[in-house]
Amino acid sequence: MAAPRTPLPLVLLVVSAALLSAAPLSPAAETGAAAFDVRRHLSTVTRYDVARGSNSVSFAPSMSDECRVIHLNLVARHGTRAPTKKRIKELDRLAVRLKALIDEAKQGPESDSLKKIPSWMKGWESPWKGRVKGGELVSEGEEELYNLAIRVKERFQGLFDEEYHPDVYSIRATQVPRASASAVAFGLGLLSGKGKLGPVKNRAFSVLSESRASDICLRFFDSCETYKDYRKRKEPDVEKQKEPILEHVTSALVNRYHLNFTPKDVSSLWFLCKQEASLMNITNQACQLFNEAEVYFLEWTDDLEGFVLKGYGESINYRMGLPLLKDVVQSMEEAIVAKEENHPDGTYEKARLRFAHAETVVPFSCLLGLFLEGSDFVKIQREESLDIPPVPPQGRNWKGSVVAPFAGNNMLALYQCPGKTDGGKISRDQKSSYFVQVIHNEAPVSMPGCGNKDFCPFEEFKEKIVEPHLKHDYDALCKIRPVAREEPSSFSSRMSNFILGLFSQKGYRVSAQDVKSEL
């Protein structure tokens, strides 16, 4: 089922009103009332420390002091990375385009209009000019994962006291270098002081990876043909839903700076803003082209894309993550068996730590039912389509800067609690009770499937949150049904039918802006 679309005239009306009432950002405006910070509105390009700093979740722990964590699952996105090779080329093209726009303005009759052109634009070159490789983990990304590990170790004191063994503390990553580098940075923080290597006493550790072609646990999106088919069909529709925003922001920028920007230029300038603000802490160049309202709307277009193509926009987006959900639950069940059978510490797994991508973290968050509005959890259990995130200035739960910033993560902590007592007697049996706590970006979150509790009995977690998904099977979900075989025809006839078919499918349009990059 396709996700419902917000009617375009309504979007146009809302956008027009907001843009007309807003003014460009300026240093003075930023230092005013509880200041707007563009770095908090970069969707999935948001730095982890910024995302955590804007996390307003407050909670009162609902667990007993007698409960002890016995197992931890971590599913984390890689840390802050450099632009990918395709995006580097886009920025190189932007530099050429900006020079052409400025040259064109110089030829115009109004010389005063040149004064409106931001000084940084004149002679601007991409900071990544000449780079032929991209997408690697940068030093800021290394620090994000290293510091996360330090905090995890402090938070779950006692869980990481065992002598390191890869079967006790399993570290896994995809074969993409930025993910495996993130795993290494996390491992260095987790095991710092545990070895004999160098002055800080590091130790070697294992990072396991599956082949990219067969990794259905962390790269399920690579092997799911149904999902790839859905995404291919849906991308043009998403671009069409973004058009009113880009067109109105373009019109505003043309009037403001007297340069003949196109929507494609604005899209590239917004991307440059995100890279400058996230990787370089520069907010007074590309980002300052946009006023506050425009930033909110551009952020919404990014969040819309993530919602429709990776999140709740269609059930295949998250149901293809079943192998990961099963792996998480299996690891917890094995830990419970080890505890119930009194296996000694050091003989069973205590943590399973995974490092992957936004395309992994987002579907996993959806499988858990996080970031939903109102009664939406019931809808996803019935596989009903959800409305797209509300357009600004309305608030929304679904924000890429919260759902999957750089180094964004979900932790599922399994706790063992003493059996409940009734008048001094242990009720039912003498076995311990086990509970699951979901912690998103280091803040406990309530689970709609568990009565909005943040501390859910393990059996209830399985029954209410996990089992409704288990009626599906990854192989069955991810195989496209075979098309009925046709009678042989000539090559020219087949090619003609193929081309006609492409243009007859609703929602298709030709676009030179089809820039795909793995997050």
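These numbers come from a predicted model, not from an experiment.

A. Structural view of the overall build of the chain. Secondary structure summary: the chain contains 18 helices and nine strands in total. Scored against the burial criterion, the 519 residues of the chain give a buried share of 50%. Counting only contacts in the chain whose residues sit at least 6 apart along the sequence, the fraction spanning at least 24 positions is 80%.

B. Highlighting a nonpolar patch on the surface. Residues Y146, V184 and L188 make up a contiguous nonpolar surface patch of roughly 210 Å² in combined accessible area. The residue L188 is located in helix 6 (residues 177–190) in this model. Judged by its relative accessible area of 30%, L188 falls in the partly exposed class.

C. Quick peek at unusual backbone geometry. Of note, the amide linkage connecting P392 to P393 takes the cis form, showing an omega dihedral of 10 degrees. Mapped onto the elements, P393 comes out in the loop between helix 14 (376–381) and helix 15 (400–403). Look at N342: it is not a glycine, yet its phi comes out positive at around 55 degrees. Structurally, N342 is set in the loop between helix 12 (322–340) and strand 3 (351–356). Overall, the relative accessible area of 66% leaves N342 in the exposed class. Unusually for a residue other than glycine, A407 sits at a positive phi of about 65 degrees. Within the secondary structure layout, A407 lies in the loop between helix 15 and strand 4 (409–417).

D. Representation of the environment of P118. As for its placement among the helices and strands, P118 is situated in the loop between helix 4 (85–106) and helix 5 (139–155). Of the residues examined, P118 reaches a relative accessible area of 16% and is grouped as buried. With 171 residues separating them along the chain, P118 and L289 place their C-alpha atoms 8.3 Å apart. If we ignore the near neighbours within four places in the chain, the residues touching P118 are Y257 and L289.

E. Inspection of the packing of helix 12 against helix 16 (residues 458–466) at higher detail. Between helix 12 and helix 16, whose axes approach to 12 Å, the crossing angle comes to 165 degrees. The angle between the axes of helix 12 and helix 16 places the two elements in the roughly antiparallel class. Here helix 12 and helix 16 pass one another in a crossing that is left-handed. Here L325, V329, M332, E333 and I336 of helix 12 lie close against helix 16, whose contacting residues are F458, F461, K462 and V466. When its residues are assigned to classes, the contact of helix 12 with helix 16 shows seven nonpolar, no polar and two charged.

What counts, and at which threshold
Residues numbered from 1 in each chain as written. Predicted model: local features only at pLDDT ≥ 70, side-chain atom pairs only at ≥ 80, totals over all residues. Heavy atoms only, no water. Helix = DSSP H or I, 4+ residues; strand = E, 2+ residues; numbered from the N terminus. Buried < 20%, exposed > 50% of the residue type's maximum accessible area, 1.4 Å probe, protein only. Contact = heavy atoms within 4.5 Å. Patch = residues over 30% accessible without salt bridge, like charges linked within 9 Å, V, L, I, M, F, W, Y side chains within 5 Å. Areas by Shrake-Rupley, 256 points an atom, 1.4 Å probe, with all protein chains shown as cover. Salt bridge = Lys/Arg side-chain N within 4 Å of Asp/Glu carboxyl O. Axes fitted to C-alpha atoms, helices over the stretch in contact; angles between N-to-C directions. Parallel < 35°, antiparallel > 145°, perpendicular 65-115°, else oblique. Left-handed = near helix turned anticlockwise from the far one by under 90°. Nonpolar A, V, L, I, M, F, W, Y, C, P; charged D, E, K, R; others polar.

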